[in-house]
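Fold and contact review
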Amino acid sequence: MDKVSKTNAARLLDKAKVEYELVPYTVDPDNLAAEHVAEELGEDINSVFKTLVLHGDKSGYFVCVIPGNMEVDLKKAAKAAGAKKAEMIPMKELLPLTGYIRGGCSPVGMKKPFPTFFHTTALDFDVIYVSAGQRGLQLKVSPAALIKYCNATVADVAVDKDL
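The numbering scheme is per chain: residues are counted from 1 as the chain's sequence reads. Reporting of local features is limited, given that this is a predicted model, to residues whose pLDDT is at least 70; pairs of side-chain atoms are given and counted only at 80 or more, and all residues count toward the totals for whole chains, interfaces and linings. Neither water nor hydrogens contribute to the side-chain values; these are computed over all heavy atoms in the structure.

It is worth spelling out the overall build of the protein at this point. To qualify as a helix, a DSSP run of H or I must reach at least 4 residues; to qualify as a strand, a run of E must reach at least 2; elements of each kind are numbered from the N terminus. The helix and strand tally for the protein stands at 5 helices and 10 strands. The C-alpha atoms of the protein give 15 Å as radius of gyration, which agrees with the globular expectation for 163 residues (15 Å, within 12%). Reported as C-alpha extents along the three principal axes, the dimensions of the protein are approximately 50 × 35 × 30 Å. For the exposure calls, accessible area comes from a 1.4 Å probe over protein chains only, and a residue counts as buried if that area is under 20% of its type's maximum, exposed if over 50%, partly exposed in between. The buried share of the protein, taken over its 163 residues, is 45%. Radius of gyration: over C-alpha atoms. The globule rule applied is 2.2 Å multiplied by the number of residues raised to the 0.38 power.

Below, the discussion takes up helix H4 (residues 91–98). Inspection of H4 places Leu94, Leu97 and Thr98 among the buried residues, and these make up the whole buried set. Along H4, the residues classed as buried sweep out an arc of 90° about the axis, all on the same side. Within H4, the exposed residues directed more than 90 degrees away from the buried face are Lys92 and Pro96. By definition, residues are in contact when any of their heavy atoms lie within 4.5 Å. In this structure, the buried residues of H4 make contact with strand S2 (49–56) and strand S3 (60–67). In the stretch just after H4, glycine 99 is the one whose phi turns positive, near 90°. Comment: arc refers to directions from the helix axis out to C-beta atoms.

What follows is about empty space enclosed by the protein. Only protein atoms enter the 1 Å grid used here. Points where a 1.4 Å probe fits but cannot escape make up a cavity, open sets with protein on both sides within 12 Å along at least five of seven lines make up a pocket, and a residue lines them when an atom lies within 4 Å of a point. Grid points are joined across faces, edges and corners, and a volume is the space filled by probe spheres set on the points. Following the criterion strictly, the structure yields 1 cavity of 30 Å³ or more and no others. Size it by volume and the largest cavity reaches roughly 50 Å³. Every residue lining the largest cavity is listed: Tyr25, Val27, Asp28, Asn31, Leu32, His36, Val37, Gly103, Arg135 and Gly136. Grouping the amino acids of the lining of the largest cavity by side-chain chemistry returns 4 nonpolar, 4 polar and 2 charged. Gly is put with the polar residues, along with every residue not named as nonpolar or charged; the nonpolar set is Ala, Val, Leu, Ile, Met, Phe, Trp, Tyr, Cys and Pro, and the charged set is Asp, Glu, Lys and Arg.

This part covers the side chain of serine 47. Residue placement: serine 47 occurs in the loop between helix H2 (34–41) and S2. According to the relative accessible area criterion, serine 47 is buried, its value standing at 4%.

Each aromatic ring pair is specified by the distance between its two centres and by the angle formed by the two planes. Aromatic rings from Phe, Tyr and Trp, with only the six-membered ring used for Trp, were paired whenever their centres fell within 6.5 Å, and each pair was classed as stacked if the ring planes differed by under 30 degrees, edge-to-face if by over 60, and tilted otherwise. One pass over the full model with this rule turns up 2 aromatic pairs. Taken together, a centroid distance of 5.9 Å and an interplanar angle of 85° make the contact between phenylalanine 62 and phenylalanine 117 edge-to-face. Placement of phenylalanine 62 in strand S3 and of phenylalanine 117 in strand S6 (residues 116–119) is noted, with a sequence separation of 55 residues between them. Each of the two residues, phenylalanine 62 as well as phenylalanine 117, counts as buried.

Note that all results are geometric; they support no functional claim without further evidence.
Below is the structure:
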């Protein structure tokens with residue numbers, strides 16, 4: 001295995017003395033879905049989290065970190081963020097706003113800190129996976145340590161895709 005180069009997110013966790021592991025996976029540019037990432041990692045989709053950026057009508061930008069097999073619930077997310085309504089930001093705004101591209105957006109190390117909400121199921125696991133800030137690399141990290149580092153709130157902000 002080639003030496004994995006550290007991302008900004010990894011360096012920030014190092015500085016904060018948060019333990020993590022960098023886990024590379026093979027990227028399929030045509031399939032950036034969390035299901036593909038979980039499959040590549042050989043991990044439970046429930047423990048592979050995706051980082052989504054939303055905009056609330058009263059709250060401004062905020063971040064939801066949810067299991068890969070779920071969808072953000074806009075009503076619940078808005079309520080958690082103190083907004084009446086929320087919507088996903090347009091894809092073209094992701095890079096200028098966060099410094100990250102689709103498929104490589106990490107809750108760690110965005111250009112500015114945004115209010116962040118981890119779905120309640122994050123705490124069901126000893127470790128979860130989130131993007132390390134680039135496609136093809138995940139952070140394997142304690143959810144409690146990551147939530148504390150991100151100064152995040154745990155909230156019910158997602159719903160099963162099939163519902």
